Amino acid sequence: MSQAESADIVVVGTGVVGCLIAEQLLDAGHSVLMLEAGPRVERWQIVEKYRNLAPITTTNLDAAYPPTRWAPFLDSTSPLTAVDYLQLEGPNARAYRQDYVRYAGGSTWHWAGICWRLTPEDMRLKSLYGVGRDWAFDYATLEPYYTRVEQALGVCGPSDPELQWPPIRSKPYPMGRLPFGPGEQKFTDAAARLGLKNLPAAQARNSGVAYDGRPPCCGNNSCIPVCPIGAKYDAASSLPRIEAKGGKILVNAVVYRVEAGAANQVQAVHYFDPDKQSHRVTGKLFVIACNGIETPKLLLMSADTRNPRGVANSSDQVGRNMMDQPKLVAELTLAEPAWTGVGPVQGSSIMQTSQGDFRREHAGALFRFNNMARSRLGAIQALNKGLVGKALDAEIRRLSACTAELTIEHELLPDPNNRLTLSDKKDALGIPKPNIYYDVGAYVRKSAESYSTPLVKQLAREMGATDVKVTTEFTNSDHIMGGMIMGANPADSVVDVDCRAHDHPNLFLPGGGAMTTAGCGNSTLTMAALALKAADAMVAQLTHA
Amino acid sequence: MMARLIRLIGAVFVAWLAVAAPQAMAAIDPLVAEGAYLAKAGDCTACHTAPGGKAFAGGLAIASPVGTIYSSNITPSKTAGIGLYTRDQFAAALRQGVRRDGANLYPAMPYTAYAMFSDHDIDALYAYFLNGVPPVDAAPPPTRLPFPMNIRLSMTAWNLIFFRHRSFQADPAKSAAWNRGRYLVEGATHCSTCHTPRGFLMEERPGLAFAGGQVGAWYAPNITSDKTRGIGSWSKPVLIGYLQGGVAPDARAAGTMGEAVEHSFQYLTPADLDAIATYIETVPAAGKAEASDRFSQGQPGSKLALIRGLSPAETDDATRGAVLFQGNCGACHAPLGQGGRDGYFPALFHNSTTGATNSNLVATILYGVNRTAAKGQAFMPGFGGSPRDSSQLSNHDIALIATYVRTQYGAGGPTVTEKDVATVRQGGPSSPLVLIARIALCLGAVAAALLIFLLLRRVRRANDRHPSAGSRSEPAL
């Protein structure tokens, strides 16, 4: 075992959360070392990898990111590989097949860039509706951090408060909204006829102008799996800047143990290199920023005599309250072309349907038009029909233009029974794979039956659908939340209001796992806001030390 | 007559500036407004405003072949700027390159061109800089060039050899537009500062006016009226459009020219732009003969059939250039290099950047393009010229891309090497003067003085011969 490295702040994970924290600590004059389990690749390599895939595999949107032997993650390229890493059980095991990548830059490599905020109500479920939990602070506390993240990532959004969600903001978006593609406009018009407002999404995507050295979006429509030009924010784009500021980034360093010492201060983390040689890294403050699956896994693996249930786990809440937005999908056949695919893969949502007094009884939901171009799906379907020649061309065109997909994402409550534990199965380095029990619960099922599915059918009809098929099996939205839940009470939560572990004064666990409730919108902006709040606390802690 | 014309144009622009330049609104003095316009024409801000800094407060690091020169604060601050300058001291700085304390300016300040400014325009500029610009009391870092360039007195000798103080004399045989154009081109807009090649001692080489020169990482190409070497194939509206927006059908302004469009040319009146174009169209052909022009080279195409399906391990340097091109450039410039339909992403063939073998292609890949004019922003990210760029391509990979692009879409010519890229990355070729200076530092002051004396004599002799273009062999920079 060698004493390899040391820094003021050791950040495990190089995704959006780790990178925002690293940069802020570097700006405050502290030394930063980042550890990344996966490899580091250039954008062009992913772009070319994607373009070289066999056409049939391009529908697997993570196929351009093959997992390494030492840093595995869910690989959806085949039914066999899809069940290899994440060990899933429970009534809705299928709905927790979370896509994330263990690469330098993290999963923002292949996010859609959507930046919804939580609403004040989303943060007070218990006191307003008697369900879930209340956050330890209110929206007003979080708002300045939301604003800072929007500046840091470069978020575009509408300037008209009527179109903002929620319209409670201290500063305008740094860029104006992107226009709707024709399909999204059709959906917006249909929603309006039903008295619903389809809002332009706030998105970390440059609209019409360059931002932070990245070019404006030109509508490649491949945000997932990768923005080929970097117009969409991804954390990978900040890695050179972090290095230019003096930060050090170690890749292929798989952290497997958080070492707590006297007074339960964390004093080191240990990592394996790909050859399973172990290295120890010391520091003053430690940040585990591996999001809601890998972070709780690492904490549970780090159990010692002083922390028998795992590091940061005196509450027994580490790995519990696993959340996401359980998704249902409506496939539409239309008489007229919708022209899906003009602009980014997502650009809007109906958000008002996530709010209301009905939340006492069942979950709210957001509805959105999936703007991912349908040409490859159309081509696969047309080929499966056995068509050839002109008939094949015509059918590909019809299926690409005259079909559409609407997506429903439901709010899930934090439930301690939805729980990540360590599987008996091990990965190539001998590290336990994560095991997750998952049940979306009656709250979501009731919403799907009585609220969201009927409404999506109405929306489909209003769009002129001649045929609608709504899935009944929930699937994953890839918004991993809850595994190190935040709260004021150390007895029933893992981290405090600054994402600091209740049990360890120098250990920070920011990101989606710290979120107390999930809301219906994408989690990244809230994860990143919590990261900046944690970074402020770290700077203060180092200053007072 | 000329002076009246200038005053007339100035008066027209008082109204325009009231809208365009809020700081000029406080000053009702039309002379201040005229000066503001002339400061735009002179592009003073290009050097005297640092990125993100206060207007005219200086501090921009200008990488010259002999070392970094920091621009000065030209706000009316009495401590850090030019607040204590009298009108005549201000005139001496602009037209003779002499500071208030009597020290010489380096010719990074284009006083050899500004010498053309009329007395009236000096009055206007003085009025503007003293009364129309907010003072900033912060002093920029001092310029510290390597020995012997740090001895400003050496500039006296330089001026003696190279500086011909020329006040403007209208040519009655030419039109008013041509005369106005010459006044601007040779004076305020100081085009020759970049577009005329520099000699061994950084002087503009006689007989090669506007024949093209290296400006740090970028190359300011031949803009003489020659149809092959220069821009003689451009119509007047094309040239005016290029100056206004940085866009011609077969060329885009980037680097220092992009800045000139953004900070200066786009603000000039249609009459002045027309005058500039009128004069430029008559600049005599000069410079190295070229077999073909830089605007009509290349055609669409790709090597996709060769590279699709190859794993990275299967690529070699021959195919890797095409792979790197598709992965880094293809999403915007399109797989066949044809660009976008609206021209925001230019085609790479019939494009002066790929149609020439100067440093501009590599500089564009390294530093990108960022130019804002009336029609909005044109932006291309850099691919590693700044350590903050999100893509950090190696010199090797950039050389492969540049070679692929030039071969597939442009002038062809020699392979771009890693060393070529390294030169652009370090800010362009450095002058042998620096090497000589360093050797001199080792040899000691006596030897240095001797060396400089010998050098000066050599150049003076060369100058006395009044060589014509192309007839003289010079050490290549």
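Residues numbered from 1 in each chain as written. Chains lettered and ligands numbered in written order. Predicted model: local features only at pLDDT ≥ 70, side-chain atom pairs only at ≥ 80, totals over all residues.

**Brief notes about the overall build of chain B**
Then, number 1: Helix and strand content of chain B: 21 helices and eight strands.
Then, number 2: The contacts of chain B with a sequence gap of at least 6 include a subset with a gap of at least 24, amounting to 64%. (Helix = DSSP H or I, 4+ residues; strand = E, 2+ residues; numbered from the N terminus. Contact = placed C-beta atoms within 7 Å.)

**Overview of the overall build of chain A**
Then, number 1: Tallying secondary structure elements over chain A gives 12 helices and 16 strands in all.
Then, number 2: Its C-alpha atoms give chain A a radius of gyration of 22 Å, near enough to 24 Å, the size a compact globule of 545 residues would have.
Then, number 3: With the C-alpha coordinates aligned to their principal axes, the bounding extent of chain A is approximately 70 × 50 × 45 Å.
Then, number 4: Scored against the burial criterion, the 545 residues of chain A give a buried share of 56%.
Then, number 5: Within chain A, residue pairs in contact and separated by at least 24 positions form 73% of the contacts whose partners lie at least 6 positions apart. (Rg over C-alpha atoms; globule rule 2.2 N^0.38 Å. Buried ≥ 20, exposed ≤ 12 C-beta atoms within 10 Å, placed from the backbone.)

**Structural notes on the pairing of strand E2 (residues 67-70) of chain B**
Residue and element names in this part refer to chain B.
Then, number 1: Direction of pairing for strand E1 (residues 61-64) relative to E2: antiparallel, over a ladder of four bridges. The residue bridging Ser64 from the neighbouring strand is Gly67, located in E2.
Then, number 2: Hairpin connection, E1 to E2: the antiparallel pair is bridged by two residues. (Pairing = 2+ DSSP bridges.)

**Notes on the interface of chain B and chain A**
Then, number 1: Each partner contributes to the interface: chain B provides 20 residues, whereas chain A provides 22 residues.
Then, number 2: Those elements that place two or more of their residues in the side of chain B that touches chain A are helix H15 (317-328), helix H16 (330-333) and strand E8 (376-380) of chain B.
Then, number 3: If one sorts the elements of the side of chain B that touches chain A by residue count, H15 of chain B sits on top with five residues.
Then, number 4: For the side of chain B that touches chain A, the per-class residue count stands at eight nonpolar, nine polar and three charged. (Nonpolar A, V, L, I, M, F, W, Y, C, P; charged D, E, K, R; others polar.)

**Description of the environment of Glu186 of chain B**
All names here are of chain B.
Then, number 1: Here Glu186 is to be found in helix H9 (residues 176-188).
Then, number 2: What makes Glu186 partly exposed here is the crowd of 19 C-beta atoms within 10 Å.
Then, number 3: Linking Glu186 and Ala115, residues 71 residues apart in sequence, is a C-alpha distance of 9.2 Å.
Then, number 4: Those residues in contact with Glu186 that lie beyond four places of it in its chain are Ala113 and Met116.

**Concerning the sheet that holds strand E13 (residues 419-426) of chain A**
Residues and elements named next belong to chain A.
Then, number 1: An order of E3-E14-E13 is seen for the three strands of this open sheet, with the pairing classed as mixed. Here the strands that pair on one side only, and so sit at the sheet edges, are strand E3 (87-89) and E13. Averaged over all adjacent pairs, the angle separating strand axes in this sheet is 30 degrees, with direction ignored.
Then, number 2: Note: E13 against strand E14 (residues 432-437), five bridges, orientation antiparallel. Bridging from a neighbouring strand, Lys426 pairs with Pro432 of E14.
Then, number 3: Running at roughly 70 degrees to E13, helix H8 (residues 291-301) makes contact with E13 and E14 of the sheet. (Axes fitted to C-alpha atoms, helices over the stretch in contact; angles between N-to-C directions.)

**Here's the deal with helix H18 (residues 395-409) of chain B**
Then, number 1: For H18 of chain B, built from 15 residues, the straight-helix expectation of 21 Å at 1.5 Å per residue is met to within 8% by its first-to-last C-alpha distance of 20 Å.
Then, number 2: Within H18 of chain B, 13 of the 15 residues are buried, leaving the element largely enclosed by the surrounding structure. (Expected span 1.5 Å × (residues − 1).)

**Focus on the confidence of the model for chain B**
Residues and elements named next belong to chain B.
Then, number 1: With 84% of its residues at a pLDDT of at least 70, chain B reaches an overall mean of 87.
Then, number 2: In this model, residues 1-25 is a region of pLDDT below 50 whose contacts with residues beyond four sequence positions or in other chains number 35 contacts.
Then, number 3: For residues 464-477, every residue scores under 50 in pLDDT, and the model assigns this stretch 19 contacts once sequence neighbours within four places are set aside.
Then, number 4: This prediction of the complex comes with two scores: 0.91 for pTM and 0.94 for ipTM. (pLDDT = per-residue confidence, 0-100.)

**Considering the nonpolar core**
All names here are of chain A.
Then, number 1: One finds Ile21, Leu509 and Ala528 to be the most contacted residues of the largest nonpolar core, which totals 268 residues.
Then, number 2: The dominant element in this core, judged by the number of residues it contributes, is helix H12 (residues 524-544), at 10 residues.
Then, number 3: Not counting residues up to four positions away in its chain, the partners in contact with Ala528 are Val16, Val17, Leu20, Val149 and Leu153. (Core = buried A, V, L, I, M, F, W, Y, C linked by C-beta atoms within 7 Å.)

**Describing H9 of chain B**
Residue pairs three or four apart in sequence face the same way in an α-helix, which turns once every 3.6 residues.
Then, number 1: Here H9 of chain B contains 13 residues, and its C-alpha end-to-end distance of 17 Å stays within 8% of the 18 Å for a straight helix at 1.5 Å per residue.
Then, number 2: All buried positions along H9 of chain B are accounted for by Asn179, Arg180, Gly181, Arg182, Tyr183, Leu184, Val185, Gly187 and Ala188 of chain B.

**A closer look at the environment of Phe265 of chain B**
Residues and elements named next belong to chain B.
Then, number 1: The topology assignment puts Phe265 in the loop between helix H12 (255-263) and helix H13 (270-280).
Then, number 2: As for Phe265 and Gly246, which are separated by 19 residues in sequence, their C-alpha atoms are 9.2 Å apart.
Then, number 3: Apart from residues no more than four positions distant in its own chain, Phe265 is found in contact with Leu243, Gln244 and Ala260.

**Some details on the packing of helix H2 (residues 43-51) of chain A against H15 of chain B**
Then, number 1: Running from amino to carboxyl end, H2 of chain A crosses H15 of chain B at an angle of 95 degrees, the nearest separation of the two axes being 8 Å. Here H2 of chain A lies roughly perpendicular to H15 of chain B, going by the angle between them. Note on element contacts: H15 of chain B touches H2 of chain A through Val323, Leu324, Gln326, Gly327 and Asn328 of chain B, opposite Trp44, Gln45, Val47 and Glu48 of chain A.
Then, number 2: Counted by class, the contact of H2 of chain A with H15 of chain B contains four nonpolar, four polar and one charged residues. (Parallel < 35°, antiparallel > 145°, perpendicular 65-115°, else oblique.)

**Focus: unusual backbone geometry**
Residues and elements named next belong to chain A.
Then, number 1: The omega torsion of the bond from Trp165 to Pro166 falls at -20 degrees, within 30 degrees of zero and hence cis.
Then, number 2: Here Pro166 is to be found in the loop between helix H5 (139-153) and helix H6 (182-193).
Then, number 3: Positioned with a positive phi, Asn221 is a non-glycine residue whose angle comes to about 60 degrees.
Then, number 4: Relative to the helices and strands, Asn221 is located in the loop between strand E4 (198-200) and helix H7 (239-244).
Then, number 5: The phi angle at Asn321 is positive, at roughly 60 degrees, despite the residue not being glycine.
Then, number 6: Within the fold, Asn321 resides in the loop between H8 and strand E9 (327-334).

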